[in-house]
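Next come the chains, spelled out residue by residue.
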Amino acid sequence: DAKTTQPPSMDCAEGRAANLPCNHSTISGNEYVYWYRQIHSQGPQYIIHGLKNNETNEMASLIITEDRKSSTLILPHATLRDTAVYYCISMEYGNKLVFGAGTILRVKS
Amino acid sequence: SQTIHQWPATLVQPVGSPLSLECTVEGTSNPNLYWYRQAAGRGLQLLFYSVGIGQISSEVPQNLSASRPQDRQFILSSKKLLLSDSGFYLCAWNRGPGANVLTFGAGSRLTVL
C-alpha cells in the first residue's frame, strides 16, 4: 500500500511554477521521499529525492517540512512537456518502490 | 553509460497463448531488476524483482512468472495468457545493494484478445 497522499489532479499555466503537494504523515526516520513522473505511454522518470533537507536539481526542487510529514515538488517554470502523472513515494533506502495513484498535472497554454 | 532495453514494444496475443517479454541492461553488472505492470487507467504494480541470477521474488500471485538466466537479462513469461494480463509492462533496474533510484525501460504494451 502506498503511504503517501496526493491530489488526483492539478492544472498549471505554462511558464508558471507548478507546486505539487504530498502528505506522508506516517513517514519513519529512515524513509526518503522520492518523486517520479510518467509521461503518457512512457516509463516513469526519476525526478528528485530527499531525506529532510530541501533539494534542488536541474529538473525541480523538493521542499520537505521540518516535521517531514509533507513535501512539495516545485517545477519552477512549467512547460507543456511537463504534463504527466507525478508520483510521490516514501521509502527506506534500498527498498522496493511502491507507486500510488499520483497526481495528474496538466500544463495549459 | 547504462541503458535498458525492452522488447517487443507492442504485441497482441490471443487468450491462452504463451508470452515472453525480455529486458536487458547494458553498462553495469549485478543490477537489481524489476517487472512492473500498469493496467489501463491504473497505477504501477510491482510484479517481480531480482537481486541476482536465478533469484526471483514475486510480489503478487498471478498468471505470470519471471526468470533471470543471465546477470543483465530479465524475462517475463506466461504459459497461457488471460484477458486480465493486458497492460503496459515495464522493466526497471537499479544498482544493488542499498540503491534506490530506478531507471525504467520504454515498456511493452500487451493486448490480450
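Our structure's up above, just so we're on the same page.
Just so we're clear, the structure is a prediction, and the values are computed from it rather than from any experiment.

(A) Just the sheet that holds strand β1 (residues 9-13) of chain A, in detail. All names here are of chain A. On the basis of which strands lie adjacent, the open sheet formed by five strands has the order β1-β9-β8-β3-β4 and mixed pairing. Of all strands in the sheet, those with a lone pairing partner are β1 and β4 (45-50), marking the two edges. Averaged over neighbouring strand pairs, the angle between their axes works out to 25° when direction is ignored. Pairing of β1 with strand β9 (residues 103-108), which is carried by five bridges, proceeds in the parallel orientation. Opposite Ser9, over in β9, you have Ile104 as the bridge partner.

(B) Examining the layout of surface pockets more closely. Here the largest pocket defines a volume of roughly 550 Å³. Together, 26 residues line the largest pocket, and His40 of chain A together with Gln38, Ala39, Gly41 and Arg42 of chain B are the ones closest to its centre. If you list the elements that add at least two residues to the lining of the largest pocket, you get β8 (84-92) and β9 of chain A together with β9 (87-95) and β11 (108-112) of chain B. Here the lining of the largest pocket is composed, by residue class, of twelve nonpolar, twelve polar and two charged.

(C) Inspection of the pairing of strand β4 (residues 31-38) of chain B at higher detail. All names here are of chain B. Counting buried residues along β4, eight of its eight residues qualify, which places the element largely inside the surrounding structure. On β4, burial covers both faces: Pro31, Leu33, Trp35 and Arg37 on one face and Asn32, Tyr34, Tyr36 and Gln38 on the other are all buried. When β4 meets β9, the two strands line up antiparallel, connected through eight bridges. Considered in β9, the bridge of Tyr34 is made with Ala92. Relative to strand β5 (residues 44-52), β4 is paired through six bridges, and the arrangement is antiparallel. Note on β5: the bridge partner recorded for Trp35 is Phe48. Hairpin connection of β4 to β5: five residues between the antiparallel strands, including Gly41 at a positive phi of 70°.

(D) Highlighting the state of the cysteines. Applying the stated criterion to the full structure yields two disulfides over all chains. Between the sulfur of Cys22 of chain A and that of Cys88 of chain A lies a disulfide, 2.1 Å long from S to S. In this structure the cystine formed by Cys22 of chain A and Cys88 of chain A twists about its S-S bond by roughly -80°; its chirality is therefore left-handed. Here the residue Cys22 of chain A occupies a position in strand β2 (residues 18-23), and Cys88 of chain A occupies one in strand β8, the gap between them amounting to 66 residues. Between Cys23 of chain B and Cys91 of chain B runs a disulfide, and the two sulfur atoms are separated by 2.0 Å. For the disulfide bridge between Cys23 of chain B and Cys91 of chain B, the dihedral angle about the S-S bond is near -75°, and by the sign convention the bridge is left-handed. Placement of Cys23 of chain B in strand β3 (residues 19-26) and of Cys91 of chain B in strand β9 is noted, with a sequence separation of 68 residues between them. The exposure class assigned to Cys23 of chain B is buried, which follows from its relative accessible area of 0%.

Calculation criteria
- Residues numbered from 1 in each chain as written.
- Chains lettered and ligands numbered in written order.
- Predicted model: local features only at pLDDT ≥ 70, side-chain atom pairs only at ≥ 80, totals over all residues.
- Heavy atoms only, no water.
- Pairing = 2+ DSSP bridges.
- Helix = DSSP H or I, 4+ residues; strand = E, 2+ residues; numbered from the N terminus.
- Axes fitted to C-alpha atoms, helices over the stretch in contact; angles between N-to-C directions.
- 1 Å grid on protein atoms, 1.4 Å probe; cavity = no way out; pocket = protein on both sides within 12 Å on 5 of 7 lines; lining within 4 Å.
- Points joined across faces, edges and corners; volume = space filled by probe spheres on them.
- Nonpolar A, V, L, I, M, F, W, Y, C, P; charged D, E, K, R; others polar.
- Buried < 20%, exposed > 50% of the residue type's maximum accessible area, 1.4 Å probe, protein only.
- Disulfide = S-S within 2.5 Å.

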